[in-house]
Each structure stands twice: as C-alpha cells, then as structure tokens.
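Inside the fold
Read off the chains here:
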Amino acid sequence: MARVQIDQLTVRFGDFTAVDDLSLEIEDSELVVFLGPSGCGKTTMLRCIAGLQACTAGRIWFDHEDVTERTSARRNVAMVFQFVSLYPHLRVAANISFPLQARGAPRAEIEERLDWAARIFGLQPVLRRFPAGLPPGVKQKVALARAVVRRPTVLLLDEPLSAIDESFREEMRWELGHLQRELGFTTVYVTHDQREAMSLADRVVLMRDGRIVQVGTPSEMFEQPADEFAAFFIGSPSMNFIEVKRDPAGLRLGGNDVLLKLPAGARAALGEVGPRNLRLGIRPQHVALISDPADDAVGTFDAPILDRYAIGRERYFDFALGNDTLLGMQVGPEAGERPKVAFDLAHAHLFDCETGRRLPVRLAGAS
Amino acid sequence: MAVEGKADLPAMTATERAIRPRRDPLSDRLILGLFLAPSLVVLLSMVAYPFVSLIYYSFLRFSILRPQVPAEAVGFENYAFLLSDPDLWSRFVFTGQFVFLSVGLQFLLGITIAYILQRDFRGRDVIFTALMLPMMLCPIVVGFLWRYMLNSEWGVVNYLLTLVGFAKLDWLGVTQNALWAVVIADSWMWTPFVILLATAAFRGVPKTIYEAADIDGASAAFRFFMVTLPLSAPILFIALLLRLIDTFKQYDLFFALTGGGPGSSTETVSFALGKLAFSYFYTGEASALAVILLLIIIGLSLIFVRYLTKLGRQRG
Amino acid sequence: MIRRRASPAMIAALTILTLYTLYSMGPLFWLVLSSLKSRADLFTVPPKLFFTPDLSGYQGVFGVGKAAGTASAIGLTQALVNSVVIAFSGTAIAVALGTLAGYACSRFDFKGKGDFMFFALSTRMIPPVAVLVFYHIMFSRLGLADTRTGLIIITTFINLGLATWIMKGFFDGVPREVEGIALVNGYSRLWAFWHLVIPMVKGGIAATAGFCFIFAWNEFAFASIISTTQAKTLPVRVSSAMGSTGLEWTQICAAGVVLVIPVAIFFYLIRRHLLMGMTFGVLGKGR
C-alpha cells in the first residue's frame, strides 16, 4: 500500500508518442481506473508502473522512493493480465505461491499465505488442479490470488474482466470492488469499459491520445465532464449534442427554428461568454416528455417525436431537431396528448465548438 | 466475420468457450485418414520387406558374398553366439558410455547456448546461423577432419595444447582418450541440433508468462529452471529421443575417426554390426545383431515415449 | 525492459558464447584451410597458418587438372544434379507428409495413435548397415535400383519419422482454440488448418526442412548401395573420385567444403523462417 506519484511520464516509440507528459498522484489504498479508447496509452501507462515498459522521460515514485530505474521484480508490484498468464505447468496452489517461492519465503509462511489467499477467493476446491481446464473467471481469480499473496505495494489490473462472460462480469466486478476496499491495496485498473470504471473507481482517469482528459470521481466525471470527449465517452446511453445559436430569449436549437427558453440568470451568464460557437450537451436521462407545461416555461419546446419505444425497463423516445435525431428517456408517467420535450437545465452543458471544453455556464440560473 | 491469421481474438473467447466447437465427426475422420494414409503407406512399404528379411536372416547362416551356398536354418544359434561373446558386452558398455557422454555434452552445451542466445544483440542472428554449420557437414568428413586435427604429432589440437602449456596427448592411440575423441567429435557436430530445437522451445514460452514471472520477483535463474525449462520439456524430450536414437546408430564417425581402434576398443555395437555385414559378410549374424540392437533401442524409446505422453496429458 | 547494466552474469554469458563460437567455428575454419593446402603443407609441425594455396584437393574432387581421367563415367555435374533433385524432392515430400501426419497425431485421438507414432520413430532406429543389402534386393526387384526415384523414396523414408515427430511437437504448441474459433464461424477444419495453423508453425516447418535436407544431402550409406552409376549422388561420387589413390586428406577436406555449401545455402535461404517464425505458443502476443 502506498501513494503512487507519476511525474511527467512520457513514452515514445520512434515517432509515435504513446504517453505524453502525464502527471498524476494516486492516494494510498485508492482504486484508480484508467479509462479510454483503444490506443489511448492507458495500458502503456500501466506497464510503466509495473516496470515492464521503459519510459522515455519522467519519473515514478512509490511513497518516497523513486522506482523509475528499478526492474519489475524490485518494485513489489503485482499484476493481473488481460490474457490469462498463469503458469500452465503448475497447479493452482503452486501458481498462487509462486511469487513467495521466487523470493525464498519460508515454507510455513507460504502455506499460511496460500491458505489465506485461497480462502478469500474461494479457490480451495481447485487448488490441486491445473489451469488448463478452468473457466476464465476462476483463472482470473487465481491470478488475483497470486497477485495479492505477497502484499504488493501496488496492484495493477489490465482489463482483467474482458475475457469473462458478460453474465459473470458484473458479479466479479462487485467482488473485486469489495475486495479492494477490504484489503486496501493501492490499485490501478485499466479498462475501456466506462461502466466498469464508473462502478469500481474511487477516481477515474480518462485518457485520450496519451494525455489525461480529466481526473475525477465517477460522479464528477458524469456531472461535470471537462470536455465533449469526456461527456460523450462517459455515460450510457451517450450524451446528445446540439448546435446552438444565441437568442435574446435563450438558445436557438439545431437549425434555428426551435427556441429553448432560458431563465434570466442563465441568459445573463450567457451574455458573459465571448463570441464563440456553442454546442449544447444533455444526457438522454435529462430529456423528458411532459404534457401541458406553462407556455413560457423554460427549458421546454416543441419538437416532432419520431418514435417511442422501450428497451428492457427503460422507455426511450427519438425526437428531431433540425437534421438530427436525438434521444430522450421517459421517466415518470406517460406524457399526454401533445407532449413537449423538456430539458432538465440543471444538467445541460455548454461546450465551446473549437476547443471542445465545457463552459462553466449554469443554464439553470434563477429566474 | 473474417478470422485473421493471428488468434488473439479475446472478445470471441468468452462466447466461444460457452459453445463447443461444432465438430463434424464424418469430415474429421476423413481428414484424419487422409492426413495419415500417405505416411503410413510409405513407412509400411519401406519397412515391410527389409524388416521381415532381417528377422528371417537372423535365423540363418548365410553370406551375401556367397549366395550360391544355401542358407542353413540354425535357429537361435546366431543369437546365442552373439550374446555369449564377452566382447559384445564390452561393446555395449562402450556404446552406452559414448551415447551418454556425447548426448549429455550436446544437451549441456546446446541448452546453455540456446539460453544465452535468447537475448537479442547485434549480430545474434548471424552467429546463430553460423553455429548451425557443424551439423551440415558430411559425417565421414567430420570423422576424418577430427582425425586429422587430433593426430598426436601434427594435429592442430595438440599444437594448441602445447601453446597453452599442456603436453601433447595421444588421442587416438589410447582407448580412454579415443572415447573422448569421438565424444568431442560427435557432440561438436550435433550440438547445433539441440541449439536449434531448444531455441524453438524457449521462444514458444508466451511473453506474458515471462512478464508474470518478472513481476512475481523471479530471478533469471529461478525463472529459467521453474518456468522456461518445464515449459520447454516436451520439445526437449523429443530432441533427446532423436539424438539418442541417432547416436546409437552412429557409424560413419567411428569408421573415419578411429576405425574401431586402437585395436577394437572403440568399436560400438553399430560398428561391430558394420564389420559383420561388410567386412566378414556374415549376413545371418549381422541380422541377428541388428535385431538385438533394435530391441534395445526400442525398449529405451518406449520408456521415453511413455513419459512424454504423461507430460502432455498433464498440461491439457 | 528496464535497461540493466553489464552484470557479471552477462559477462559470463558472453564469455561462454565466445568460447563456444570459437570451438564451433574453429574446426570449420581448419577444414577450409586444409582443403587449400598442398599435401606437403598438411603435415607440417607446427601446423601452418600461412601458405601458398594449392588447389590439388579440389582438382581431385572434381576430377580435373592433374586428377583428370580417374574414376567413373559420370561427371560431377550429373552427380550434383542428382543430389539436388533427390535431396529437395525427398525433403519436400517428407516434410509435407510428416506435417500432415504430425497434425493428425496432434489433434486427433485415435486408437493406435501411440503405436503409429512409435512406429514412425522406429523407422529411424534401424542401422542402415544392417539392412543395406535387403534394400538393394528390394529395389532391384522393383526396378528402382540406380534410379533417382528410388533414392527419392529412400530419402523420404529416412526423414518421414523425424518430420512427423518434430511437426507434432510444434502442432501441440498451437492451442486448439485456434481451429475452434474458426469452426464455430463456419469455416472447415481444412481451411483452419491451411490458413490459421500452418502459418503459426512456419518456424517448425523450416527447422524440419533444414534437418531433413541435411540428412538427405549427406545420405551416403543407402545412396552408395542403391545408386551405382546413373543416379549417383554427390557424396558417393566424391568418395569414389577419391578412393583410388588412398586417403587423400586434401581431397577429403575439399570434398567436405564442396558438400557443405549447398546445405549452407539452403539454410541461408530459410533463415528468416527459422529465426522468426519459431514459436510454439501463440498466446505470447503480449503488448
């Protein structure tokens, strides 16, 4: 257990920069999830922390020790790989106790820790078996047991659940989170699945093209995305984006013909924003259909409803704005005859079209 | 969905594992037969006549040199004669020593060199290819070459020995030395075989397993003995088996290097066989000896093969 | 990997490698050197490193120059062609058949599989000396004596067991999921075999081909018995060109050099497959 400090880490492969000047501090016992699309550098990052990848520049600290020059063996890290890498020629028990044997631990200690690890993950029934015949979920549990058995300084997980059946994944996710809290290892977890990140992380590090886009708790990432990419990547279903133009009464949506009325406070705040092109972002969860709102109600407007449908327990509707089709979710009772689309302005965001960054404008200002 | 040449399709694995691969038993059996048949035909047809003849003639007294003299059926007389010959046993002992030493040296050196060559460095590939050369030579040439080099008077080996302060050795005139002479010559020639297969075996260990071992804190030695070697065992056993079989058969080298000498002290069983067949032309006895030799080799191989299959079944 | 400084282990490794390379290349160097010496220069004490090159060894081998007019009817080129054809064909067939059989034994469990594998191996156990005569008789009766075809068959036979065993070993290292995935997607096993599995064992095929070629090329015992004039292979031809005047060391060395060059060329041609393609496991596609 330790604090991990990553200082201006850069990894270059020839012309290609995989990780670009990345700095981050990870607290003791924290579970940090590196999230991002393929090729964003998250796995490279992880391997740098592990000592499997040499960094072109930058330094890594565990507590107050500079481990940048150390080999993996001397960093006391543990890693669970995406593609199972258990030792095929050893039984599960030998696999789990391998790290202890490699470091020459006394027999009694090995037995004790093996027992402990096996108990935590419920692996007693398979201790005598070889990895070959085991289902992927069990294999990853063995890998996890092997990882925690020697109390590593940092626990590293590289998309460990990706090879596991969807149906078991959620259960394992829950177990993992629970275990991490109980055992308290500083954990770095890599995934491209934002649901996984949101459900497990103490903090999420969203990456793209080798850089950090945003760092925050899951709710921060959800409620206050730093830019359009973050807003789009996180949350499912993904956020709606609409081109908007300013209007004295609020905003003109998608093309010009639909007016979104804004409260006075919001209009004032809008006025402060300099001349730039804007985009409105709002999640489908915050778009609803209501019947008979007051005529001058803010945040509502008329739009053709293209379709209404249900997926599982969720009810959705498609509506048109200009040339785009957007998604909304119906929560609460069914809307009546001629419903209007309502935006929950408290959860609507404005983005700068050029930079993509979110503007700190509250659209739900007081009337 | 196009399936590319590489098999890292992780997203598939989860689902596919739940579904058993659709096996069409009929088409599989067809393929099995089709793939096996040609080899079976070739092997059987080539082995049938000679092997049967071998056994047949082992029960006769006959000489190819004088086919007009009719063969006499003498039952097990040939075998009895051979097995009661004390020289035969000493030849077996000698052959055993030779095989053990030569193959042992080949593997010791071969695995060590393959281990060293794992790490990439400049010129490694060139060196690797160059090291393959010795086994490409014609065995008779190798025999003569070493005979030339090991000559006690003008051989280059003895010359080098004197350069570093040792006395000249009589390599081929003293039995003990001659044994080492053949061992050195044979292992010099065949160590590349082991290097090649060991390299292949080592490369077969998945990279992530090495990484896992590194992270687990294994030292290079620990990793080599506890991970690399065990995982390479199947191929190394095949290599061992092949080398053992070939070394038992070794003839050309002895013919050229020692001629069985000094005296007849470096005659292996194979060499004795050659003498019986082509110096004395005692076809019957030669056949009997061949059968004996075969039985021994078969016996030893069976042990090995059994162990190999046990290993394979364990790993799944 | 994190760069490691030169450790004592590395120095030891380098030393061992250097020593072994010298030990391995030394005699080869001496072979080439000796092949260029005149008879007198061969037996000097101390051995000569510098001398005027003398081609009498090679002349003897090729049957030209001073040695012209000796030995049998066929020129060297004929023997060379024979050897090339026979070695290549025999290797190709042995590798092809062995690959198929090796795959079958790796993937399928059938009754008598162990027996078949052992039988294939046992064909290699026969000391040629013991059975030369019988093969001669057999081939004569079949009209295959002294033919290239006959020798190709022999060459294939010698190498088939080796090829089968080595290829099976390589196939064992390819996980069954590879074909499994293809099968589930509707591809036939044959398709999977040819398009997926074979590319993965290219290194194995190269190694097997290399070994088979060596044994095919240097095959002497059978060749000397089966081929007497027309189908003479190079080793036989070379030895017969030497035999007449007794043990001619320069000629032997020259013959050794001449004989090894085609094999070396073969290995050079397949070197990329040997070095890069040789993986048993596929799971090692770590990032």
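Residues numbered from 1 in each chain as written. Chains lettered and ligands numbered in written order. Predicted model: local features only at pLDDT ≥ 70, side-chain atom pairs only at ≥ 80, totals over all residues.

Thoughts on the overall build of chain B
Test applied: Strands are runs of DSSP state E lasting at least 2 residues, helices are runs of H or I lasting at least 4, and numbering of each runs from the N terminus. Exposure classes come from backbone-placed C-beta atoms, where a residue is buried if 20 or more other C-beta atoms lie within 10 Å of its own, exposed if 12 or fewer do, and partly exposed in between. Placing a C-beta atom from the backbone of each residue, one calls two residues in contact when those atoms lie within 7 Å.
A tally of regular secondary structure across chain B gives 13 helices and 2 strands. Within the span of chain B, comprising 316 residues, buried residues form 45% of the whole. Considering only contacts in chain B between residues 6 or more positions apart, those separated by 24 or more positions represent 69%.

Considering the overall build of chain A
Of the regular secondary structure elements, chain A holds 9 helices and 22 strands. Seen through its principal axes, chain A has C-alpha atoms that stretch 80 × 45 × 35 Å. Evaluated residue by residue, chain A yields a buried proportion of 44% over its 367 residues. Contacts spanning at least 24 positions in sequence make up 67% of the contacts within chain A whose residues lie at least 6 apart.

Focus: the sheet that holds strand β15 (residues 287–291) of chain A
All names here are of chain A. Convention followed: The pairing criterion for strands is at least two bridges between them, as found by DSSP.
With antiparallel pairing, 3 strands are arranged side by side in an open sheet as β15-β20-β16. Sheet topology places β15 and β16 (300–301) at the edges, where each strand pairs with a single neighbour. Strand direction decides the pairing type here: β16 and strand β20 (residues 339–343), joined by 2 bridges, are antiparallel. By the bridge assignment, Phe-301 is partnered in β20 with Val-341.

Describing the sheet that holds strand β9 (residues 203–208) of chain A
Residue and element names in this part refer to chain A. Put simply, the test is: Working convention: axes come from line fits to C-alpha atoms, limited for helices to the stretch in contact. Angles between N-to-C directions cover 0 to 180 degrees.
The strand order β6-β7-β8-β3-β9-β10 describes an open sheet built from 6 strands, whose pairing is mixed. Only two strands of the sheet have a single partner each, and these edge strands are β6 (77–80) and β10 (211–216). Recorded for the sheet is a direction-independent mean angle of 20° between the axes of neighbouring strands. As paired strands, strand β7 (residues 154–158) and strand β8 (residues 186–191) are joined by 5 bridges and run parallel to one another. Bridge pairing in β8 places Leu-157 opposite Tyr-189. Set on the sheet, helix α4 (residues 136–148) makes contact with β6 and β7; between it and β6 the angle comes to about 175°.

Notes on the packing of helix α4 (residues 86–116) of chain B against helix α1 (residues 8–35) of chain C
Rule in force here: Geometric relationships in this document are graded by angle, where less than 35 degrees denotes roughly parallel, more than 145 denotes roughly antiparallel, 65 to 115 denotes roughly perpendicular, and other angles denote oblique. Less than a right angle of anticlockwise turn of the near helix away from the far helix marks a crossing as left-handed, whereas a clockwise turn marks it as right-handed. The residue classification treats Ala, Val, Leu, Ile, Met, Phe, Trp, Tyr, Cys and Pro as nonpolar and Asp, Glu, Lys and Arg as charged. All others, Gly included, are polar.
Viewed as axis vectors pointing N to C, α4(B) and α1(C) meet at an angle of 125°, and their least axial separation amounts to 10 Å. Between α4(B) and α1(C), the angle is such that the two are oblique. Viewed along their axes, α4(B) and α1(C) form a crossing whose handedness is left-handed. Residue-level inspection shows B:Leu109, B:Thr112, B:Ile113 and B:Ile116 of α4(B) in contact with α1(C), the latter providing C:Ala13, C:Ile16, C:Leu17 and C:Tyr20. Residue composition of the contact of α4(B) with α1(C), grouped by class: 7 nonpolar, 1 polar and no charged.

Brief notes about the interface of chain C and chain B
Each side of the interface is counted separately: chain C has 95 residues, and chain B has 95 residues. Per-element tally for the side of chain C that touches chain B: the top contributor is α1(C), with 12 residues. Here the side of chain C that touches chain B is composed, by residue class, of 67 nonpolar, 22 polar and 6 charged.

Looking at the nonpolar core
The following threshold applies: Working definition: the nonpolar core is a set of buried Ala, Val, Leu, Ile, Met, Phe, Trp, Tyr and Cys residues, joined through C-beta atoms within 7 Å.
Counting residues in hydrophobic clusters, the biggest one holds 285 residues, and the most contacted among them are A:Val33, A:Ile49, A:Leu156 and B:Leu273. Among the elements that line this core, the one with the most residues is helix α8 (residues 175–203) of chain B, at 18 residues. When sequence neighbours within four positions are dropped, the list of residues in contact with B:Leu273 reads B:Ala286, B:Leu289, B:Ala290, B:Leu293, C:Pro127, C:Val129 and C:Ala130.

Some words on the pairing of strand β3 (residues 31–35) of chain A
Residues and elements named next belong to chain A. Extensive coverage of β3 is indicated by the burial of 5 of its 5 residues. Of the two faces of β3, both are covered, the one formed by Leu-31, Val-33 and Leu-35 as well as the one formed by Val-32 and Phe-34. Judged from the 5 bridges that link them, β3 and β8 form a sheet pairing that is parallel. The residue bridging Leu-31 from the neighbouring strand is Thr-187, located in β8.

Concerning unusual backbone geometry
Residue and element names in this part refer to chain A. Cis geometry is adopted by the peptide bond preceding Pro-237, which originates at Ser-236 and carries an omega value of 0°. Along the chain, Pro-237 falls in the loop between α8 (228–233) and β11 (240–247). Located in the positive-phi region is Gln-8, a residue other than glycine, with phi close to 50°. Position of Gln-8 among the secondary structure elements: in strand β1 (residues 4–13). In this model, Asp-21 sits at a positive phi of 50°, which is unusual for a non-glycine residue. Mapped onto the elements, Asp-21 comes out in strand β2 (residues 16–26).

Digging into the pairing of strand β19 (residues 324–329) of chain A
Residue and element names in this part refer to chain A. Here strand β18 (residues 314–321) pairs with β19 via 6 bridges, running antiparallel. When the bridges of β19 are listed, Leu-321 appears paired with Asp-324. Joining the antiparallel neighbours β18 and β19 is a turn of 2 residues, in which Gly-322 adopts a positive phi near 60°.

Looking at the environment of B:Leu137
For B:Leu137, the location among the structural elements is in the loop between α5 (124–131) and α6 (139–149). Given 24 C-beta atoms within a 10 Å radius, B:Leu137 is considered buried. With residues near it in sequence (within four places) discarded, B:Leu137 still touches B:Val142, B:Met189, C:Gly256 and C:Val260.

Observations concerning the domain arrangement of chain A
Residues and elements named next belong to chain A. Operational definition: Bear in mind that the domain bounds are from an automatic or database domain assignment.
Here the domain parsing of chain A yields domain 1 (4–231) and domain 2 (240–359). The C-alpha centroid of domain 2 is placed 40 Å from the C-alpha centroid of domain 1. Contact with domain 1, which involves 6 residues of that partner, is made by 7 residues of domain 2. Looking at side-chain class alone, the side of domain 1 that touches domain 2 contains 4 nonpolar, no polar and 2 charged residues.

With respect to the environment of B:Leu253
Residues and elements named next belong to chain B. Tracing the sequence through the fold places Leu-253 in helix α11 (residues 252–257). Assessed through the 26 C-beta atoms surrounding it within 10 Å, Leu-253 is described here as buried. Setting aside residues up to four positions removed in sequence, Leu-253 forms contacts with Pro-139, Val-142, Gly-143, Val-182, Ala-185 and Asp-186.

Considering the environment of B:Asp85
In this fold, B:Asp85 is placed in the loop between α3 (77–83) and α4. The spatial distance from the C-alpha of B:Asp85 to the C-alpha of B:Gln176 is 22 Å, given a sequence separation of 91 residues.

Observations regarding helix α2 (residues 92–102) of chain A
Since the α-helix packs 3.6 residues into each turn, any two residues three or four apart lie on the same face. Within α2(A), 9 of the 11 residues are buried, which leaves the element mostly enclosed by the surrounding structure. Listed as buried for α2(A) are A:Val92, A:Ala93, A:Asn95, A:Ile96, A:Ser97, A:Phe98, A:Pro99, A:Leu100 and A:Ala102. For α2(A), the elements touching its buried residues are α3 (107–121) and α4 of chain A together with α10 (220–249) of chain B. Immediately downstream of α2(A), the backbone of A:Gly104 shows phi near 70°, a positive value.

Quick look at α6(B)
Within α6(B), 11 of the 11 residues are buried, which leaves the element mostly enclosed by the surrounding structure. Those residues of α6(B) that fall on the buried side of the exposure criterion are B:Pro139, B:Ile140, B:Val141, B:Val142, B:Gly143, B:Phe144, B:Leu145, B:Trp146, B:Arg147, B:Tyr148 and B:Met149. Where α6(B) is buried, its residues touch α7 (156–163), α8 and α11 of chain B together with α1, α10 (202–218) and α13 (249–269) of chain C.

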